Amino acid sequence: MTPARQQYLELKAKHPDALLWFRMGDFYEMFDDDARAAAAALHITLTSRPFGRDGRVPMAGVPYHAANSYLARLLRQGFRVAICEQMSPAGKGLVERAITRVVSPGTVAEPALLPPRENCYLAALCPGPTGYGIAYVDVTTGEFAATEITDGDPTLARAAAEHDLARIAPRECLVPGDERRATSGERNADADDDVSLAARRSPLAASPTIPGHTTPYEARHFALVAATETLHAHFGVVNLEAYGCAGCPLAVRAAGAIVRYLTETNAMLLPLLAGLRTYHAGGTMHLDAATRRNLELTGAGRSGASGGSLLQTLDGTKTAMGGRLLRRMLAQPLTDRAAIEARLDGTEAFATRTALRLGVLALLAEVGDMERLTARARQEAATPRELLALRDALLAVPKLATLLKEPEDAALDGLAARLDPCSGVATLLTRAVLVPEAREDVRRIRPGYDTDFDALVYTATHARETIAAMEAAERERTGIKSLKIKYNSVFGYGIEVSNANRGKVPGDYRRTQTLTHAERYVTPALKEWEAAVLHAEERIAAREDELYRGVLREVGAVAPVLLGTARTVAAVDVHAALADRAVQGRYVRPTLTDGTALRIEAGRHPTVEAALAAAGESFVANDTDLGGDAPGGTRLLLLTGPNMAGKSTYLRQVALVVLLAQVGAFVPADRAEIGIVDRIFTRIGAQDDLAAGASTFLVEMMETAHILRHATDRSLVVLDEVGRGTGTEDGIAIAQAVAEDLAGRVGARTLFATHYHRLTETVGTLPGVAVARAAVAEPENDDGTGAITFLHRIQPGAAGKSYGLHVAAIAGLPEGVVARARALFDTSEEVDRQDTRNREEIGKVRELRVWRGDDDAFHAAYRSEGVHTRHAALLDEIATLDLARMTPLDALIALDRLQRDARDARDAAPQRATSNPQPPDTNPSQHAARGTQFHPREGRR
Ligand code: ADP
Ligand code: MG
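None of the values given here were measured: they were computed from a predicted structure.

Procedures and definitions
Residues numbered from 1 in each chain as written. Chains lettered and ligands numbered in written order. Predicted model: local features only at pLDDT ≥ 70, side-chain atom pairs only at ≥ 80, totals over all residues. Heavy atoms only, no water. Helix = DSSP H or I, 4+ residues; strand = E, 2+ residues; numbered from the N terminus. Contact = heavy atoms within 4.5 Å. Areas by Shrake-Rupley, 256 points an atom, 1.4 Å probe, with all protein chains shown as cover. Pairing = 2+ DSSP bridges. Axes fitted to C-alpha atoms, helices over the stretch in contact; angles between N-to-C directions. Core = buried A, V, L, I, M, F, W, Y, C linked by side-chain atoms within 4.5 Å. Buried < 20%, exposed > 50% of the residue type's maximum accessible area, 1.4 Å probe, protein only. Expected span 1.5 Å × (residues − 1). Near = heavy atom within 4 Å. Polar contact = N/O pair within 3.5 Å; in protein donor to acceptor, adjacent residues only side chain to side chain. Phe/Tyr/Trp six-rings, centres within 6.5 Å; stacked < 30°, edge-to-face > 60°. Lys NZ or Arg CZ within 6 Å of the ring centre and 35° of its normal. Parallel < 35°, antiparallel > 145°, perpendicular 65-115°, else oblique. Left-handed = near helix turned anticlockwise from the far one by under 90°. Nonpolar A, V, L, I, M, F, W, Y, C, P; charged D, E, K, R; others polar.

1. Observations regarding the overall build of the protein
Step number 1: Along the protein, the regular secondary structure elements total 32 helices and 26 strands.
Step number 2: Contacts spanning at least 24 positions in sequence make up 71% of the contacts within the protein whose residues lie at least 6 apart.
Step number 3: Summed over its atoms, the accessible surface of the protein is roughly 42400 Å², and 54% of this surface lies on carbon and sulfur atoms.

2. Some remarks on the sheet that holds strand β9 (residues 144-150)
Step number 1: Strand order in the open sheet made by the six strands is β11-β10-β7-β8-β9-β12, with mixed pairing throughout. Strands with a single pairing partner mark the edges of an open sheet, and in this sheet they are β11 (213-217) and β12 (277-278).
Step number 2: Across seven bridges, the pairing between strand β8 (residues 131-138) and β9 is antiparallel. Note on β9: the bridge partner recorded for Ala-135 is Ala-146.
Step number 3: Strand contacts of helix α4 (residues 154-168): β7 (121-127), β8, β9 and β10 (172-176), with the helix running at about 10° to β8, the strand carrying the most contacts.

3. Focus: the sheet that holds strand β4 (residues 56-63)
Step number 1: As summarised here, the arrangement of the six strands in space is β3-β4-β2-β1-β5-β6, forming an open sheet in which the pairing is mixed. In the strand order of this sheet, the two ends are held by β3 (47-50) and β6 (97-103), each with one partner. In this sheet, neighbouring strand axes are inclined to one another by 40° on average, regardless of whether the strands run parallel or antiparallel.
Step number 2: Here β3 pairs with β4 via four bridges, running antiparallel.

4. Structural notes on the nonpolar core
Step number 1: Counting 109 residues, the largest nonpolar core has Phe-350, Met-370, Leu-404 and Ile-680 as the members making the most contacts within it.
Step number 2: In this view, Ile-680 contacts Met-285, His-286, Leu-287, Asp-288, Thr-291, Leu-295, Ala-655, Val-658, Leu-659 and Leu-716; residues no more than four positions away in its chain are not counted.
Step number 3: Residues Val-139, Phe-144, Tyr-261 and Leu-270 belong to the second largest nonpolar core, which totals 33 residues.

5. Comments concerning helix α19 (residues 559-585)
Step number 1: A rise of 1.5 Å per residue sets the reference length of α19, with its 27 residues, at 39 Å; its end C-alpha atoms lie 38 Å apart and thus fit the reference within 8%.
Step number 2: Taken across its 27 residues, α19 has 20 buried, putting it largely inside the fold.
Step number 3: Directly beyond the C-terminal end of α19, a positive phi value near 55° is found at Arg-586.

6. Thoughts on the site of ligand 1
Step number 1: Surveying the vicinity of ligand 1 reveals the residues Leu-612, Phe-619, Val-620, Pro-642, Asn-643, Met-644, Ala-645, Gly-646, Lys-647, Ser-648, Thr-649 and His-792.
Step number 2: At 2.8 Å from a nitrogen atom of ligand 1 is found a main-chain nitrogen or oxygen belonging to Val-620.
Step number 3: Measuring from an oxygen atom of ligand 1, one finds a side-chain N or O atom of Ser-648 at 2.7 Å.
Step number 4: Notes on ligand 1: free accessible area 550 Å², of which the protein chains cover 79%.
Step number 5: In terms of residues, the shell around ligand 1 owes the most to one element, helix α21 (residues 647-663), which gives three residues.

7. Description of the side chain of Thr-147
Step number 1: In this fold, Thr-147 is placed in strand β9.
Step number 2: Of the residues examined, Thr-147 reaches a relative accessible area of 1% and is grouped as buried.
Step number 3: Polar side-chain contacts of Thr-147 include one of 2.5 Å to the backbone oxygen of Tyr-279.
Step number 4: Non-local contacts of Thr-147, meaning those with residues more than four positions away in its chain, are made with Tyr-132, Gly-133, Ile-134, Asp-164, Ala-251, Tyr-279, His-280 and Ala-281.

8. Remarks on the packing of aromatic side chains
Step number 1: For the structure on display, the rule yields 12 aromatic pairs.
Step number 2: Ring centres of Tyr-136 and Tyr-279 lie 5.9 Å apart, and the angle between their planes is 65°; on these two criteria the pair is classed as edge-to-face. Of the two residues, Tyr-136 is situated in strand β8 and Tyr-279 in the loop between β12 and α8 (289-294); the sequence distance between them amounts to 143 residues.
Step number 3: Tyr-279 gets classed as buried once you look at its relative accessible area, which sits at 10%.
Step number 4: Seen from their ring centres, Phe-235 and Tyr-243 are 4.3 Å apart, and the 25° between their planes marks the pair as stacked.
Step number 5: Take Phe-235: its relative accessible area is 13%, and that puts it in the buried class.
Step number 6: Site record: aromatic cluster; members linked through ring pairs are Tyr-8, Phe-22 and Phe-31.
Step number 7: The ring of Tyr-64 has Arg-23 lying over it, and the distance from NZ or CZ to the ring centre is 3.9 Å.
Step number 8: Stacked on the ring of Tyr-548, the Lys or Arg Arg-444 has its end atom at 4.6 Å from the ring centre.

9. Here we look at the environment of Gly-247
Step number 1: Position of Gly-247 among the secondary structure elements: in the loop between α6 (224-235) and α7 (249-266).
Step number 2: Overall, the relative accessible area of 64% leaves Gly-247 in the exposed class.
Step number 3: For the pair Gly-247 and Glu-148, spaced 99 residues apart in sequence, the C-alpha separation works out to 9.6 Å.

10. Some points on the side chain of Thr-215
Step number 1: Positionally, Thr-215 belongs in strand β11.
Step number 2: The exposure class of Thr-215 is buried, given its relative accessible area of 3%.
Step number 3: Side chain to side chain, Thr-215 and Glu-172 meet in a polar contact 2.7 Å long.

11. Focus on the packing of α6 against α7
Step number 1: Closest axis-to-axis distance for the α6/α7 pair is 8 Å, and the angle between their directions is 60°. Relative to α7, the element α6 is oriented oblique. The way α6 lies across α7 gives a crossing that is left-handed. Across the interface between the two elements, Leu-224, Ala-227, Thr-228, Thr-230, Leu-231 and His-234 from α6 touch Pro-249, Val-252, Arg-253, Ala-255, Gly-256, Val-259 and Arg-260 from α7.
Step number 2: A breakdown of the residues in the contact of α6 with α7 according to their chemical character gives seven nonpolar, four polar and two charged.

Written out as structure tokens, the structure reads:
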């Protein structure tokens, strides 16, 4: 075994659960299984390398200069990467190597690898006999918090832990466990979905559902004694009283495990964690993962993309920090009235002052990400450019404070008081830091900052000038007009004389290099000045390093103050941005009460309204009146109406108005009085969930069961088409029983949409239940052929009849069929109960037939699953090319590789042509098949 192989195996043994990036010159190389896994995940070439008598081992490498983009792709696929650098210069013998850091999805600190407007949390979950401890940290902002969730009832504790994890949405979550994970990307196939399919299928699974990547971490680091010691050592304290977690052993265990994990993966991240905040879930609204998804808070649709989400509609923040804060706020509505009012005061202060609002927003547009920039400085990783961006942000702070202080508003003054401009830091950065303007500029320290440094720079410059002057002197002395002094990184300075003039070379010239047309020489004087230059450069580099580090340390030392200011700037940003949206969208400040009334006048759905507005259409506003203590107040609103009439929109709109109010934001309505809600529950129609591929009815019943078990008389419950996932009769029965339970025993404010009209006769007559309908304009003629118009207006009273026949007619069912249906409708009451369930089933059967009939395409699609993955990998690779940092040659090399990969993928595609004599380009069916090969999922839908 070669020494290098031995060295590799030793390092690898320490990190069996990570890919080891072994630095060899300009590449990070991976070997053995790591190489295979990375080659597949990154779609890079798998080669091999001889290692002494071991023979060849598989190898794959990524170039050092493009490491970040490869790293990002591996992290997205759930890998961890241990980065091993060369610690001694390459030369004779074995190069010293050491693992400098381990990067995992939750411990990424490079801004280039992170979405700017999202926090990147690493969490730890510590289950205990009495409940759960949860801790989380954002290593790019220093936020570090922990909580302990205990409850007499283990199911409740588990649910509460799940809610908290759903709110945090960590990238990576540590759990106690010693199992070593295989280095495969597969394990996190579900990671994109915050409720993994497996967990949704088995509601009784003992451990909470964890969003993001789960990392089992040695259980001993979760032990109370070990964790306490870790935290003591980290904070330099003897007890944890100051952090509020002294009496919360589970919180301590989770927090200790996180610190320990960071110590092992990348200790440079630790200094940023200056404090730990212990929080208690009290004062906040529980939102389960399904409700977050259903209400499309931060991501719309199943893809989780943020387009069309509530966040996207509201987010007019100008800074990345503000964007992150707003996202956190939407994820965590409050239940404490005073806290909500305080936020509303802040927003109102901006909503009523146009000049202030616009002035602040314009100023903030110039402010960078102070929070992450500070973190970079604190981790001694900030570049000169980053430091000057931090300086520019700091220079804006006093201007911001002046703007805020002007109007004499308590809320604004409170914000201004928390803005510390750290002018010392700004001055230091201005004096000390130099941003290289061109590639060849190497200095990071500004002239005039340090006299020693300036003297060294002067010495070097002087020596260079002396050498330059030598050229003229030597020409004079030798009479060789073409003589030149040149610099070469291997041989240093040399006097170049063309071969024609060789005869004129003086005796004190010593030859160092022979070129094709010339020779190079040195003289003792040149050697001396060369040594002077090199010596000065060495000292310049050392001194500059020392000075630059000093600057980073000075900035790092005031990091807590800078972070405090950054967070206040973020709050100002959010208030001003929300106020701006409120003014533009005619939102109002809600009135919050401790009662149970929920009265909304002319409420609107924020995202649907925005989408309609973009299309030049207007949204129909609707009122809501639920709850209240007066006798006869409505607890449950039973909403009926045909498909597409606006039921679901109305339900979500009410939930969103309540949610926004409790976030402390203005709401899309003319007036809103909201008795504070402890939780919002939603269960949205099964048909919208078909894409999930789970047994939708089971999921539906699980979610409904969860609601019935957890809702209180202070909750808001939104049920859309419950019971729809099963046959009509039992569906109606289930819907009725659920509605009765909610209106009676639970007493939650409930909105219940259904198009089982029969429910209006049963449920509709219960006390506390009101019936409403999503109105449609009657078709002009009676035979069911006229068009119905959706008014999107919610009116009291039950829908008179089913409009199924009208819908069938306008959908283009043949006239005979419609007539026959009418006849049946007239003779049988059963038809009145028909619902779209039947139509859906017909639709499904037809879909299946399409696939059966097109057997070949179907199988091609399956066979080409591998092609699909390669296709995705290719796209991924193109998407992550770091063009800004590539040289033209790199780009060409990359293009060449991409083309080869693309050809491979093409050639590997199943060829129907092999069983088909026609040449491929004259065979249209093959083109059709190829079209589906790359999109098997879409094709099957
Ligand atoms: P349902 O649940 O009754 O089938 P939806 O709530 O899904 O109906 O609404 C169908 C469509 O009607 C929506 O996509 C939206 O474009 C439109 N819509 C719903 N409510 C309104 C409204 N209040 N004003 C304007 N358009 C609306
Ligand atoms: Mg609907």
